[in-house]
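Observations on the three-dimensional arrangement
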Amino acid sequence: MGKPAQGNSTEAEDPGRMPRQITVLIIGAGSRGKNYSNYALYFPERMKVIGIADPRACARKELQEAHHVDEGNMFDDWKAAAEREKFADAVIIATPDRLHKAPAVAFAQKGYHILLEKPMAVTPEDCKEIVLACKTYNCILAVCHVLRYHPVSLKIKELLDAGLIGDICHIQHLEPVGFWHFAHSFVRGNWRNEGESSFSLLAKSCHDIDLINFWMGGKRCLKISSFGSLSHFTKDHKPQGAASRCLDCPVEQNCPYSAQKVYLRVAEQGSFHWPVSVVCSNGKYDIEALTDALRHGPYGRCVYECDNDVVTNQVVNMEFEGGATAAFTMIAFTERLGVRKTTIYGTKGQLSCRGSGPVKVFDFLQRKKLTFEPDRTHSIVGCLNAHGGADYFLMKSFVSAVADNNPSLICTGADETLTSHLLVFEAERSRKENRVVFLET
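Worth saying up front: this structure is predicted, and the values here are computed from it rather than measured.

A complete count under the given rule lists 17 aromatic pairs for this structure. Ring geometry for Phe 182 against Phe 233: centres 6.1 Å apart, planes inclined by 10°, an arrangement best described as stacked. Taken together, the residues Phe 182 in helix α7 (residues 179-188) and Phe 233 in the loop between β8 (221-229) and α9 (259-267) connect sequence positions 51 residues apart. In this pair, the class of Phe 182 matches that of Phe 233, namely buried. Counting every residue linked through ring pairs, the aromatic cluster contains Phe 179, Phe 182, Phe 186, Trp 191, Phe 233, Tyr 257 and Phe 333. For Lys 86, the ring lying beneath its charged end belongs to Tyr 112, and the centroid distance is 5.8 Å. In this structure, Lys 157 packs its charged tip against the face of Phe 214, placed 5.2 Å from the ring centre.

Given below as structure tokens:
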């Protein structure tokens, strides 16, 4: 991947002000680490990647060539980078979920500012340890709850804080995962098995619980309940005559989750972007490499013969101070991928939004609908446009916060993230214990 041409994106700065360039280490050069590192390619005056740690040689090499990183700052183990004297301003930690805590604590102890992929960690205790380390060593921590940075989320928050719908009575929020996306990530992929990664609500929907808590403002959640289960992707639902791998399957044409449909036919159209890029983990992006990966790797398996155990559908019910309530739904089996739907019911109006907006408010007094557009003034390059451009806004905020030593620019800092993560853990405890959980004061 070569350096992109300049002028492909714009980023407004204060007139006459030259921002300080920050230096970063990439810890975990997979899909998310690579994506965040792209910010340096399009905004080299703001950020420079000077070190990379990843156990996979092909992943390290790809990022090294893109960012022209010195060989002396290439590591096959993050621990070797952490043992050195501090040599960058910040680290971007995008390791697998269960490998977040150790590097986060180690780099905090060295004084690095930290951008940490969500979830923060996979246990409440580990999350608290990360927060304590960052506070103890005075590090800026930004957790990648990217949706808080999305213009739509911020517009909703602005309208709520302005009192347009009065007092919030109820929030109804839906996350449609997408039928093939769930099969890719949570049946065949890295987040399929709780023992190897984390549970669905934490891995996929901690974004959404965080948003609900964000929109509720200062109201504290008092009690929480949750229900959910693994549906369909089990051996009991395997079609008669189906093979163990999609490339060998005689009934593949009748399966919507076929790896041939999800990956191979997409690649045959010339697209090797996500999710195909994840399957081609050896760094080669061609039909031959993809076919070999599907024949021998995890992404070519029958979805009814995987070792997945995370839930496909889950609801979370919450009651906040003052009696306000919220209901969240995560569902795998949807047409659209990640096009969230939110309805917020207030005493003076109803707010609704789908996907990237606009945000619509029905005013009870005037009995008419008002439409509000989110900020669309930024031109965002394609590789930073994930989550509707929220990845770009997250990176811009983090880089500015580090450059100016201004933690107030971070929307998803230590305390905010810990609060919403603890709600996720309690919701999952409710689901597993089949009871309402009353939260401590």
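Right, let's talk about the sheet that holds β8 for a bit. Here 9 strands make up an open sheet; going across it, the order is β14-β13-β12-β11-β7-β10-β9-β8-β15 and the pairing mixed. Only two strands of the sheet have a single partner each, and these edge strands are β14 (368-372) and β15 (437-438). As paired strands, strand β12 (residues 349-354) and strand β13 (residues 359-363) are joined by 5 bridges and run antiparallel to one another. Each residue of the ladder has a partner; that of Gln 350, found in β13, is Phe 362. Across the sheet, helix α8 (residues 200-215) touches β7 (168-176), β9 (313-320), β10 (325-331) and β11 (341-346), and the angle it forms with β7 is around 155°.

Once that is clear, we can look at the environment of Val 424. The residue Val 424 is located in helix α13 (residues 414-433) in this model. With sequence-adjacent residues up to four places away left out, Val 424 is seen in contact with Phe 199, Leu 201, Leu 202, Cys 206 and Ile 209.

A few words on the packing of helix α5 (residues 124-136) against α13. One way to put it is that α5 packs onto α13 with a least axis distance of 10 Å and a crossing angle of 175°. By the criterion of interaxial angle, the relationship of α5 to α13 is roughly antiparallel. Judged by residue contacts, Pro 124, Cys 127, Lys 128, Val 131 and Lys 135 of α5 engage Ala 414, Asp 415, Leu 418, His 421, Leu 422 and Phe 425 from α13. Split by residue class, the contact of α5 with α13 holds 7 nonpolar, 1 polar and 3 charged.

Attention now moves to the layout of surface pockets. Gaps left between atoms are located by rolling a probe of water-molecule size over the structure's atoms. Considered as a void within the structure, the second largest pocket measures approximately 470 Å³ in volume. Around the second largest pocket, the lining comprises 18 residues; the ones closest to its centre are Leu 422, Leu 423, Glu 426, Leu 439 and Glu 440. Of all the secondary structure elements, the ones that give two or more residues to the lining of the second largest pocket are α5 and α13. In terms of residue count, the dominant contributor to the lining of the second largest pocket is α13 (6 residues).

On the basis of which strands lie adjacent, the open sheet formed by 6 strands has the order β3-β2-β1-β4-β5-β6 and parallel pairing. At either margin of the open sheet sits one strand with a lone partner, and together these are β3 (74-75) and β6 (141-143). Examined bridge by bridge, strand β2 (residues 47-53) and β3 share 2 bridges and lie parallel to one another. Within the sheet, the bridge partner assigned to Ile 52 lies in β3 and is Met 74. In the packing of helix α1 (residues 31-42) onto the sheet, the strands contacted are β1 (22-27), β2, β4 (90-93) and β5 (113-116), and the crossing angle to β2 comes to about 150°.

Next up on the list: the packing of α9 against helix α11 (residues 287-296). Two numbers describe how α9 lies on α11: the axes approach to 10 Å, and their chain directions differ by 170°. By the angle between their axes, α9 is roughly antiparallel relative to α11. Handedness of the crossing formed by α9 with α11: right-handed. Taking contact as the criterion, the partners of Ala 259, Tyr 263, Leu 264 and Ala 267 in α9 are, on α11, Ile 287, Leu 290, Thr 291 and Leu 294. Its residues placed into classes, the contact of α9 with α11 shows 7 nonpolar, 1 polar and no charged.

Burial of the side chains of β5 extends over both faces: His 113 and Leu 115 are buried on one face and Ile 114 and Leu 116 on the other. Relative to β5, β4 is paired through 4 bridges, and the arrangement is parallel. Each bridged residue has a counterpart across the sheet, and for Val 91 the counterpart in β5 is Ile 114. Between β4 and its parallel partner β5, the chain crosses via helix α4 (residues 101-109), and the hand of that crossover is right-handed. Each parallel crossover has a hand, and for β5 linked through α5 to β6 it is right-handed.

In this section: unusual backbone geometry. Between Trp 274 and Pro 275 the backbone carries a cis peptide bond, its omega angle lying at 10°. As for its position among the elements, Pro 275 is in the loop between α9 and α10 (276-279). At the junction of Gly 357 and Pro 358, the peptide bond is cis and its omega measures out at 10° in the coordinates. In this fold, Pro 358 is placed in the loop between β12 and β13. Notably, Asn 138 is not glycine yet its phi reads approximately 55°, a positive angle. Position of Asn 138 among the secondary structure elements: in the loop between α5 and β6. The phi dihedral of His 232 is positive, around 75°, even though this residue is not glycine.

Structurally, Thr 343 can be placed in strand β11. What Thr 343 contacts, discounting residues up to four positions off in sequence, is His 170, Ile 171, Gln 172, Gln 350, Leu 351 and Ser 352.

Further remarks concern the nonpolar core. Grouped together as the largest cluster of nonpolar side chains are 121 residues, with contacts concentrated most on Met 47 and Met 318. It is helix α12 (residues 390-404) that provides the largest number of residues to this core, a total of 10 residues. Excluding its chain neighbours within four sequence positions, the residues that come into contact with Met 47 are Gln 21, Ile 22, Val 24, Tyr 36, Ser 37, Tyr 39, Ala 40, Ile 92, Met 395 and Val 399. One finds Leu 247, Ala 259, Tyr 263 and Leu 290 within the second-largest nonpolar core, a separate group that totals 15 residues.

Rules of the game
Numbers given to residues run from 1 along each chain, matching the order in which its sequence is written. Given that the model is predicted, a residue must reach a pLDDT of at least 70 before its local features are reported, and side-chain atom pairs must reach 80 or more before they are shown or counted; all residues, however, enter totals for whole chains, interfaces and linings. Side-chain measures here rest on the full set of heavy atoms in the structure, leaving out hydrogens and waters. Two rings from Phe, Tyr or Trp (for Trp, the six-membered ring) form a pair when their centres are within 6.5 Å of each other. A pair whose planes differ by under 30 degrees is stacked, one over 60 is edge-to-face, and the rest are tilted. Put simply, DSSP marks the helices as runs of H or I at least four residues long and the strands as runs of E at least two long, and each gets a number from the N terminus on. Burial here depends on accessible area, computed with a 1.4 Å probe over protein chains only, as a share of the maximum for the residue type. Under 20% is buried, over 50% is exposed, and the range in between is partly exposed. A ring is scored as having a charge over it whenever the NZ atom of a lysine or the CZ atom of an arginine sits within 6 Å of its centre and within 35 degrees of its normal. Here the rule is simple: two strands pair whenever DSSP picks up at least two bridges between them. Note on definitions: a residue-residue contact is assigned when non-hydrogen atoms from the two residues lie within 4.5 Å. What counts as an axis is a line fitted to C-alpha atoms, over the stretch in contact for a helix, and the angles between N-to-C directions run from 0 to 180 degrees. Roughly parallel here means an angle under 35 degrees, roughly antiparallel means over 145, roughly perpendicular means 65 to 115, and every remaining angle is called oblique. Here the term charged refers only to Asp, Glu, Lys and Arg, the term nonpolar to Ala, Val, Leu, Ile, Met, Phe, Trp, Tyr, Cys and Pro, and the term polar to all other amino acids, Gly among them. Two kinds of site are reported from a 1 Å grid over the protein atoms alone, namely cavities, where a 1.4 Å probe fits but cannot get out, and pockets, open sets with protein on both sides within 12 Å along at least five of seven lines, and residues are called lining when an atom falls within 4 Å of a point. Grid points are joined across faces, edges and corners, and a volume is the space filled by probe spheres set on the points. Crossing handedness follows the turn of the near helix against the far one: under a right angle anticlockwise gives a left-handed crossing, and clockwise gives a right-handed one. A clockwise course of the path from the first strand over the helix to the second, judged with the strands pointing away from the viewer, identifies a crossover as right-handed. For our purposes a nonpolar core is just a set of buried Ala, Val, Leu, Ile, Met, Phe, Trp, Tyr and Cys residues, chained together by side-chain atoms within 4.5 Å.

Nothing here speaks to function; it is geometry throughout.
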